[in-house]
Amino acid sequence: MGERYRTSKVNAVWDTDIQPHKSGSASTLNSISEPRAFETEAETFDNVLGELGVNSQVIRSSASPLNRKFLEDIESNPQQIKKTFSIQKYIVYACDARCGGWADRLKGILSAYVWAKLTDRRFLINITHPCPLLKTMTPNKIPWMEASPVLGSRLVLHITGNISFAESLEWINLEKAYPYDVIELHNNVNHLARFTVNPYYQSKIRQVFQVDPKEVSFEKLFKRFYEEAFTLNSNVMQKYKTFVSRAKPTDDSQLICAQIRTGKNPTLPNDQSVKNTQEGVDSVWIFLKKYSIIPKAKIFVTTDSENVRKEAKILFPNKIVDTEGPITHTDRSPRGLACQGFEKVALDFHILAKCDVLVISKSGFGKLAAMRLPPYSKVFQLKNSTIRKYSDRFV
């Protein structure tokens, strides 16, 4: 497969057929890479951009919300434009269309973060589909919401499902293959294992993660990354605290949880396929009934089916604790509804880390939630209508 791209003076967009370019190839695209010395302070924002071959009106109209503040800052002082061509480079995880559910996105986000750490780039997240991530989540210790430069060379990579690209991560020098100022990644695949065998980054992995590359795994890294990257915004955090006060009011309270993924059902008719039958759901109810007799136990069920949600309330009327909001799929529900429902998705995912006992379905959402509860001693999985202790570590 050959390279296919469309370019402008400051942007390069490569589709999923991308192959790592070789040294000296024409795919360097030589956008704008070196800072220029401005001769006078009288130069205007528009004139400076014009000299660089950039239409200032295009920049203004295409700027994302995160970048508009940046534009306002530099517009009054053209000398600041030089800073957009500084040594600092960026990896931006981006989602502006369909990019999978929350679990798929988290896999892509963590892969982008590792890429950034291995190449000393600033890591940013720009999710706008189905709505801005900041409506629900905010950064914790990792400042991923800072604005990235609107100028400089930029590469957009849509790499989900691109096997040849994924395999190349095991051997390429990332900075030589992709020397752009800003790399925007659209991806929902876990590439961590490929990074760990890349000979160029063995010492960097030891430095960044303080372990031998052979010891680095998605399971070990995800919990720490999620806690450092995300926290709920103030509005959703208040709902989380209210829920916890009801679910675990005392130190000896227990929260018994189930994540039931049914797949295609009347609530999510656009889902791809059926994941669990009623027989499987009934197995979960039998499992939960054993714990419902514990005096200080509460039961929490997160699911993709309103029928299952209603059934849980009927079966455990005095034990059930629930979160408000519609049940949606972040990627497959209509955009407006998915935006409204993502708050419940994020809140439920956050709550699962408080569970004393957790039953998960065979789904990324449940598996990633379980990773926040090591050492898996009280995590079980529903598979083929049978519930067994969870031991599957692969994502």
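As a reminder, the structure under discussion sits directly above these lines.
Position numbers for residues start from 1 in each chain and track the written sequence from start to end. Reporting of local features is limited, given that this is a predicted model, to residues whose pLDDT is at least 70; pairs of side-chain atoms are given and counted only at 80 or more, and all residues count toward the totals for whole chains, interfaces and linings. Neither water nor hydrogens contribute to the side-chain values; these are computed over all heavy atoms in the structure.

(A) Highlighting the overall build of the chain. Of regular secondary structure, the chain possesses 14 helices and 14 strands. Exposure is judged per residue with a 1.4 Å probe applied to protein chains only, and the accessible area is read against the type maximum: over 50% gives exposed, under 20% gives buried, and values in between give partly exposed. Put simply, the chain has 395 residues, and 54% of those count as buried. Whether two residues are in contact is decided by their heavy atoms, any of which lying within 4.5 Å being enough. In the chain, of all internal contacts separated by at least 6 residues, the share reaching a separation of at least 24 is 69%. Working definition of accessibility: Shrake-Rupley area with a 1.4 Å probe, residue cover restricted to the visible protein chains. Summed over its atoms, the accessible surface of the chain is roughly 18400 Å², and 51% of this surface lies on carbon and sulfur atoms. Counting from the N terminus, the helices are the DSSP runs of H or I reaching at least four residues and the strands are the DSSP runs of E reaching at least two.

(B) A look at the sheet that holds strand S12 (residues 357-360). Reading across from one edge, S11-S10-S9-S12-S13-S14 is the order of the 6 strands in this open sheet, with mixed pairing throughout. Either end of the sheet is taken by a strand with one partner, and the two such strands are strand S11 (320-321) and strand S14 (386-389). Pairing between two strands is assigned when DSSP locates at least 2 bridges connecting them. Direction of pairing for strand S9 (residues 254-260) relative to strand S10 (residues 297-303): parallel, over a ladder of 7 bridges. Bridging from a neighbouring strand, isoleucine 260 pairs with threonine 303 of S10. The sheet strands contacting helix H11 (residues 278-292) are S9, S10, S12, strand S13 (379-383) and S14, and the helix crosses S9 at an angle near 180°. Every angle, taken between N-to-C directions, lies between 0 and 180 degrees, and every axis is a line fitted to C-alpha atoms, over only the stretch in contact when it is a helix. Lying on the sheet, helix H12 (residues 306-315) is in contact with S9, S10 and S11; it crosses S10 at an angle near 165°.

(C) Representation of helix H8 (residues 202-209) in the model. Within the span of H8, buried status applies to Lys204, Ile205 and Phe209. All buried residues of H8 project into a common sector of 105° when viewed along the axis, lining one side. Every exposed residue of H8 that faces more than 90 degrees away from the buried side is listed here: Ser203 and Gln207. Note: the arc covers the axis-to-C-beta directions of the helix.

(D) Quick look at the packing of H11 against H12. At a minimum axis distance of 12 Å, the contact between H11 and H12 shows a crossing angle of 30°. By the angle class used here, H11 and H12 are roughly parallel. Crossing geometry of H11 relative to H12 is assigned as right-handed. Contacts from Gln278, Val281, Asp282, Trp285 and Lys289 of H11 reach H12 at Val308, Glu311, Ala312 and Leu315. Throughout this description, any angle smaller than 35 degrees is read as roughly parallel, any larger than 145 degrees as roughly antiparallel, any in the 65 to 115 degree range as roughly perpendicular, and the remainder as oblique. The hand of a helix crossing depends on one turn: near helix anticlockwise from the far one by less than a right angle means left-handed, and clockwise means right-handed.

(E) Representation of the packing of helix H4 (residues 102-118) against H8. At a minimum axis separation of 10 Å, H4 and H8 run at an interaxial angle of 105°. The angle between H4 and H8 falls in the class roughly perpendicular. Contacts from Val114, Lys117 and Leu118 of H4 reach H8 at Lys204, Ile205, Val208 and Phe209. Following the grouping adopted for this structure description, the nonpolar residues are Ala, Val, Leu, Ile, Met, Phe, Trp, Tyr, Cys and Pro, the charged ones are Asp, Glu, Lys and Arg, and the polar ones are all others, Gly among them. A class-by-class count of the residues in the contact of H4 with H8 yields 5 nonpolar, no polar and 2 charged.

(F) The arrangement of the side chain of arginine 261 in detail. By secondary structure assignment, the location of arginine 261 is in the loop between S9 and H11. A residue is classified by how much of its surface remains accessible, and arginine 261, at 15% relative accessible area, is buried. Discounting residues that sit within four places of it in the chain, arginine 261 has contacts with Asp271, Lys275, Asn276, Asp304, His329, Arg332, Ser361 and Ser363.

(G) Structural view of the state of the cysteines. In plain terms, two cysteine sulfur atoms within 2.5 Å form what is called a disulfide here. The full count for this structure, using the stated rule, is 3 disulfides. Each sulfur in the disulfide pair cysteine 95 and cysteine 99 lies 1.8 Å from the other. Judged by the torsion about the S-S bond (85°), the cysteine 95/cysteine 99 disulfide is right-handed. Cysteine 99 matches cysteine 95 in its accessibility class, with the two residues each being buried.

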